[in-house]
Amino acid sequence: QVQLVESGGGLVQAGGSLRLSCASSGRTFSWYTMGWFRQAPGKEREIVAGISWTGGNTYYVDSVKGRFTISRDNAKNTVSLQMNSLKPEDTAVYYCAADQTPNTAATMRGPKDWGKGTLVTVTS
């Protein structure tokens, strides 16, 4: 059973930056696509970014392209999300996710395991 633990959320003003990190344990990290999802109040959970098991392919939702960068360190079993130029509409609980099947696409459309989430609040 994989365990995912997020860190790095917090309160930031619009235009600022935050870096989220997720530590994974319990299985071979480097075999699995990883990603970040978010859920704002009253909205459905949506994918923010995904990164393939090798790190060679990434996916971003249109609203964060050019502002967010996902990366992974397979030696340290971590995946990170650098968020720049934050906007109030980025306010949400951010969840680390791991595909349950190895070697999948960065779009992460299959079954996933989840962390507990970390809150990001962007003030105007």
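Summarised in this report is the structure supplied together with it. Keep in mind that this is a model prediction, so the values were computed, not measured. (Residues numbered from 1 in each chain as written. Predicted model: local features only at pLDDT ≥ 70, side-chain atom pairs only at ≥ 80, totals over all residues. Heavy atoms only, no water.)

1. What to know about the sheet that holds strand β7 (residues 68-73)
And step 1. Pairing is antiparallel in the open sheet, where four strands are placed in the order β1-β3-β8-β7. With one partner strand each, in any of the chains shown, β1 (3-7) and β7 form the two edges of the open sheet. Going across the sheet, the axis of each strand differs from the next one's by a mean of 15°, ignoring polarity.
And step 2. Bridge count between strand β3 (residues 18-25) and strand β8 (residues 78-83): six bridges; the pairing is antiparallel. When the sheet's bridge partners are listed, Leu 18 is paired in β8 with Met 83. (Pairing = 2+ DSSP bridges. Helix = DSSP H or I, 4+ residues; strand = E, 2+ residues; numbered from the N terminus. Axes fitted to C-alpha atoms, helices over the stretch in contact; angles between N-to-C directions.)

2. Some remarks on the side chain of Glu 6
And step 1. Note on placement: Glu 6 falls in strand β1.
And step 2. No salt bridge forms around the buried Glu 6; measuring N to O, its nearest opposite-charge neighbour Arg 45 is 7.7 Å away.
And step 3. Side-chain polar atoms of Glu 6 contact the backbone nitrogen of Lys 116, separated by 3.2 Å.
And step 4. Separated by 3.0 Å, the side chain of Glu 6 and the backbone nitrogen of Gly 117 make a polar contact.
And step 5. Not counting residues within four places of it along the chain, the set of residues in contact with Glu 6 comprises Ser 21, Cys 22, Trp 36, Tyr 94, Tyr 95, Cys 96, Gly 115, Lys 116, Gly 117 and Thr 118. (Buried < 20%, exposed > 50% of the residue type's maximum accessible area, 1.4 Å probe, protein only. Lys, Arg positive; Asp, Glu negative; His and termini not counted. Salt bridge = Lys/Arg side-chain N within 4 Å of Asp/Glu carboxyl O. Polar contact = N/O pair within 3.5 Å; in protein donor to acceptor, adjacent residues only side chain to side chain. Contact = heavy atoms within 4.5 Å.)

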